[in-house]
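Analysis of the macromolecular model
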2 protein chains.
Amino acid sequence: MTTHQSIRRLSRIAALVGLAFVAGTVAAADGKAELQALPEAKAGNADMVELGKHLFFDTRLSGDMGVSCASCHDPAKGFSDGMPLSAGYPSVEYFRNAPTLINSRFKNVFMWDGRLDGADMGTLVRDMLTEAHTMNMDSRLMQERLSQVPEYVAMWQKFRKDDINGMRVYGVVGEYVKTLVSQNAPIDRFLKGDGSALTSQQKDGYEIFTGKGGCVACHNGPLGSDGQVHNTGVPENPEVLKNPNRTVTLLRHYATSGMPNYMNARTDLGHYAISKDPADMNKFATPSLRELKYTAPYMHNGMLTTLDQVVDFYNQGGGQGSELTPLGLSGSEKKALVAFLEALSGEPLNVVAPTLPDYQPRQFGKN
Amino acid sequence: MTTHQSIRRLSRIAALVGLAFVAGTVAAADGKAELQALPEAKAGNADMVELGKHLFFDTRLSGDMGVSCASCHDPAKGFSDGMPLSAGYPSVEYFRNAPTLINSRFKNVFMWDGRLDGADMGTLVRDMLTEAHTMNMDSRLMQERLSQVPEYVAMWQKFRKDDINGMRVYGVVGEYVKTLVSQNAPIDRFLKGDGSALTSQQKDGYEIFTGKGGCVACHNGPLGSDGQVHNTGVPENPEVLKNPNRTVTLLRHYATSGMPNYMNARTDLGHYAISKDPADMNKFATPSLRELKYTAPYMHNGMLTTLDQVVDFYNQGGGQGSELTPLGLSGSEKKALVAFLEALSGEPLNVVAPTLPDYQPRQFGKN
């Protein structure tokens, strides 16, 4: 379905359930889609965040203790991994790019194929910890590992009265992920009224973004994402079929989602694997435009290396099967658009990994 | 319940379902329990066995490709691992000894705690491949990995017309495991009528085994195992509580089996974790006595290093809470018993790991 159909359908659903229109293209009072400043976010429970931060960096949360969340979502790389395709669990190689976690709390859809609801951070964390190609963890093994660390038991009991519980750990990690929010990005200052926050070139870029380029049609709201899936015709990453370990994870993903005739698939079919609606073939969730400065390479399969390449790609109307039409931007307009995109990144978060406590043999009645 | 109660109950069940008495203590025509020669075994499908053998040695069947079945069931170590406690999946450490796989096809119960029915080899293999502490494999990931190996696809299609199927792979590996059978053990030649197959000391040992020692009460049938669970009071392996990684797998096993109040457990409770019947506390499946020559150390937790120690342990009536009474064997009787136990091992199987094929990029319509 097209974006406009999506919006109509969502509006209809919103009307049916008596809610204001909260998903899809974010529109200003005059009905035009617009970028928005990041909203204020409620602070989480500090004790839960502190434990969640430790767990985020602790390899004990992966099956063979080979990786932590931070392995693919590295603070030094904008909470992504700097590679076109994610490495995944030791010996497993993945077929998509690891997205940044910054501003996850504002997302209304997770995963490149739009598989998970953004409201459900706990489920997202559970999937990443337990999926065979990411952290391959068994919940009960994780629970017992964490229970063998007296410091974690003490941190847990600061906010809960029970024992460490595998199912709740996901929400605790999620509580930390929710704290990763853009810091002082020029775009936020600009949208809140500080006209000096953007350079004049960036302001030109903003004009193109919302006008001639039409980018804002899909890249809107606080994240620069409509939370919908679209086909922009990004070319396949040939590495997926060249490297059997990557083909494995592609096909296993299809097998898991129950995609019909998946054994014959040789391309990344995006949202179709989830919805099984042929209209969703090659559609991927609109990514956030924030923190792009730190999160190259770009697109769901890392096929574009620089923002200049990304703008060139959109300027030509995307690739094969794209929903887009060519933009007809001049060289300076493209440069202005790139400059504007850079204004959507905040200051580095400078998160430092905590010192992790070691195991201690259990003592009856103590840990 | 005692062995005698078990036997009575099994006899009753056999009578109720109209079957001959096939489980529990194996009795001769005169009603006395006895050792038996290994029965002839039906040969498996050779093509399936050949693929199963490859898969047995292929680390691609574990989550991070760190281990294969052969890592803990090493042909050079009698298809066990030579360690008191099994290492398990990379970074995971286990709390029980890895048993030999030789003669698995004749077992009527699998796992030290008697958890699995011996008739269900496929389920045993599935558990070992997918359990977090052994090979931590995802069935669908395994299926896709194997499908990326053209040689495996060709080997599969020698005996099946469909694609490699994750669920069937377990049975294929099981078909290979079934081929691991004692070769030309003195005990088999002896029980089939070759009086010269045992030395005179071993014959003395056999007399003790079936007479004064009473070993045959539980160690009977073709494997020297009644397939029941018993408490012989084997002391705890202190390493389990000293090494938190081992405590983790013990407690995770309890959590998985739904054992009540498992967080307070500090010992290996054996069959109780499965049955939840307090009468089953500290009971473990009677192991096979075959191939002991190659499979030291002994007992469910590897606490006894030599057969002399094992015989000493039984001679004193076992440990705390044991069902046994002291045997009152002299030094020479104990030596004879050990000599007899050695006659229950066959010739080394001399299995050589096959050369494993590599991945090859998939070609549409080919692999």
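About the cut-offs
Residues numbered from 1 in each chain as written. Chains lettered and ligands numbered in written order. Predicted model: local features only at pLDDT ≥ 70, side-chain atom pairs only at ≥ 80, totals over all residues. Heavy atoms only, no water. Helix = DSSP H or I, 4+ residues; strand = E, 2+ residues; numbered from the N terminus. Rg over C-alpha atoms; globule rule 2.2 N^0.38 Å. Buried < 20%, exposed > 50% of the residue type's maximum accessible area, 1.4 Å probe, protein only. Contact = heavy atoms within 4.5 Å. Areas by Shrake-Rupley, 256 points an atom, 1.4 Å probe, with all protein chains shown as cover. Domains from an automatic or database assignment. Buried area = accessible area lost by both parts, 1.4 Å probe. Salt bridge = Lys/Arg side-chain N within 4 Å of Asp/Glu carboxyl O. Polar contact = N/O pair within 3.5 Å; in protein donor to acceptor, adjacent residues only side chain to side chain. Nonpolar A, V, L, I, M, F, W, Y, C, P; charged D, E, K, R; others polar. Core = buried A, V, L, I, M, F, W, Y, C linked by side-chain atoms within 4.5 Å. Least-squares fit on C-alpha atoms with pLDDT ≥ 70 in both.

Once that is clear, we can look at the overall build of chain A. Broken down by element type, chain A carries 14 helices and 4 strands. Rg of the C-alpha trace for chain A: 21 Å, near the compact-globule value of 21 Å for 367 residues, within the 12% margin. Taking the principal axes of the C-alpha coordinates as reference, chain A spans close to 70 × 50 × 45 Å. Within chain A, buried positions represent 55% of all 367 residues. Long-range pairs, those at least 24 residues apart, make up 65% of the contacts in chain A with a sequence separation of at least 6. Summed over its atoms, the accessible surface of chain A is roughly 15500 Å², and 53% of this surface lies on carbon and sulfur atoms.

All names here are of chain A. Assigned domains of chain A: these are domain 1 (1-7 + 18-40 + 184-233 + 285-346) and domain 2 (46-177). Here the C-alpha centre of domain 2 lies 28 Å away from the C-alpha centre of domain 1. With 20 residues of domain 1 at the contact, the number on the domain 2 side is 20 residues. Around 1500 Å² of area is buried between domain 1 and domain 2 when both sides are counted, 66% of it from carbon and sulfur atoms. When residues of domain 1 are sorted by the area they lose upon contact with domain 2, Leu223, Ala285 and His300 head the list and together hold 30% of the total.

It is worth spelling out helix 13 (residues 307-315) of chain B at this point. Residue and element names in this part refer to chain B. Considered for burial, the residues of helix 13 that qualify are Leu307, Val310, Val311, Phe313 and Asn315. Lining the buried residues of helix 13 we find helix 14 (331-342). Just downstream of helix 13, glycine 317 is the residue with a positive phi angle, here 85°.

At the interface, 40 residues of chain B touch 40 residues of chain A. Together, the buried faces of chain B and chain A total about 3400 Å²; carbon and sulfur atoms form 61% of this surface. Remark: the boundary between chain B and chain A carries 2 salt bridges. A salt bridge links Asp138(B) to Arg252(A), with the nearest nitrogen and oxygen atoms 2.8 Å apart. Put simply, chain B and chain A have 11 residue pairs in polar contact (both at pLDDT 80 or more) between them. Tallying contributions element by element places helix 11 (residues 244-257) of chain B first for the side of chain B that touches chain A, with 9 residues. For the side of chain B that touches chain A, a count of residues per class yields 16 nonpolar, 14 polar and 10 charged.

Residues and elements named next belong to chain B. Within the element layout of this structure, asparagine 301 appears in the loop between strand 4 (284-285) and helix 13. Among the polar contacts made by the side chain of asparagine 301, one reaches the main-chain carbonyl oxygen of proline 235 at a distance of 2.9 Å. Excluding residues within four positions of it along the chain, asparagine 301 makes contact with Pro84, Leu85, Asn97, Val234, Pro235, Glu236 and Asn237.

If you look at the biggest cluster of nonpolar residues, it comprises 86 residues, and the most contacted ones within it are Phe56(A) and Phe56(B). If sequence neighbours within four positions are ignored, Phe56(A) has contacts with Ser68(A), Cys69(A), Ala70(A), His73(A), Phe79(A), Leu101(A), Val173(A), Tyr176(A) and Val177(A).

Attention now moves to the relation of the copies chain B and chain A. The operation relating chain B to chain A is a screw motion whose rotation component is 180°, with 0.0 Å of axial translation and a residual RMSD of 0.0 Å. What the superposition gives is, in effect, a two-fold axis relating one chain to the other. A share of 100% of the interface residues of chain B reappears at the interface of chain A, consistent with the copies meeting face to face through the same patch.

All names here are of chain A. A full pass over the atoms with the stated rule returns 33 salt bridges over all chains. The partner of aspartate 113 in a salt bridge is arginine 115, and the shortest N-O contact between them spans 3.6 Å. When its relative accessible area of 0% is taken as the criterion, aspartate 113 is described as buried. Among the salt bridges present, the one from aspartate 138 reaches arginine 140, with a minimum N-O distance of 3.3 Å. Through salt bridges with shared partners, one network takes in Arg96, Asp113, Arg115, Arg126, Asp127 and Asp268.

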